[in-house]
Amino acid sequence: LENDYIIDGKTVDEGYTIEVSLTINPNSLPNVMYDVIADLNDIVSYEIEHIYQISWRTKDEQDPYEGRENERPTGKDYYKQPHEIPAELVGFRRVNKLRKKEPIEKTIKDWFIRNRNVHNLNDEDIKELTEFLTQKYKEKVSSASSARILRARARRSSSQRFALQINTSPLT
């Protein structure tokens, strides 16, 4: 394993179960645990935002590629889809809160660097996505009205039940 760890998540079971795959290089323990916990926080927040989109958003705000996964954009274009941006920003915001006083640009860039191999991104893609999502973050999440929307959304969704399944695998 080239990196300290590889982590990825997705919703399964009609979107109401979150599955996380985590592989940790044992030579990196315990030093990477803080980063792993931050990334778990990001993944769960990100996937819950998608569950919210499925449950409460209008058809225009939902994933237009649902049921047509083979047509879904890949690489850097995946992260620029309108339904992906809110989920990404929620996750980055959670990680940024854990890393007090860290600029959001660093949080976003570090996430893409850690996940470059999982998502086939080069340095130019990471730079472009960091700038793009930092701008979106400043437009949406930083405003006081967005904070109120996120709090209201959390209250509305508090009655939903979610399952979290974490699969780990030893390095061979």
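Residues numbered from 1 in each chain as written. Predicted model: local features only at pLDDT ≥ 70, side-chain atom pairs only at ≥ 80, totals over all residues. Heavy atoms only, no water.

1. Concerning helix H3 (residues 104-114)
Listed as buried for H3 are Ile 104, Thr 107, Ile 108, Asp 110, Trp 111, Phe 112 and Arg 114. Close packing links the buried residues of H3 with strand S1 (5-12), helix H1 (33-56), helix H2 (84-98) and helix H4 (123-140). (Buried < 20%, exposed > 50% of the residue type's maximum accessible area, 1.4 Å probe, protein only. Helix = DSSP H or I, 4+ residues; strand = E, 2+ residues; numbered from the N terminus. Contact = heavy atoms within 4.5 Å.)

2. A word on the packing of H1 against H2
In contact at an axis separation of 8 Å, H1 and H2 are set at 150 degrees when each is read in the N-to-C sense. Considering their axes alone, H1 and H2 lie roughly antiparallel with respect to each other. Crossing hand, H1 versus H2: right-handed. Two secondary-structure elements touch here, H1 through Tyr 34, Ala 38, Asn 41, Asp 42, Ser 45, Tyr 46, Glu 49, His 50 and Gln 53 and H2 through Glu 84, Pro 86, Ala 87, Glu 88, Val 90, Gly 91, Phe 92, Arg 94, Val 95 and Leu 98. Residue composition of the contact of H1 with H2, grouped by class: nine nonpolar, five polar and five charged. (Axes fitted to C-alpha atoms, helices over the stretch in contact; angles between N-to-C directions. Parallel < 35°, antiparallel > 145°, perpendicular 65-115°, else oblique. Left-handed = near helix turned anticlockwise from the far one by under 90°. Nonpolar A, V, L, I, M, F, W, Y, C, P; charged D, E, K, R; others polar.)

3. Remarks on the packing of H2 against H4
One can describe the packing of H2 onto H4 by two numbers: an axis separation of 10 Å at closest approach and a directional angle of 85 degrees. It follows that H2 is roughly perpendicular to H4 by the angle criterion. In this structure, H2 uses Ile 85, Glu 88, Leu 89, Phe 92, Arg 93 and Asn 96 to contact H4, whose residues at the interface are Phe 132, Leu 133, Lys 136, Tyr 137 and Lys 140. Per-class residue counts for the contact of H2 with H4 are six nonpolar, one polar and four charged.

Remember that the coordinates give geometry; whether it matters functionally is a separate question.
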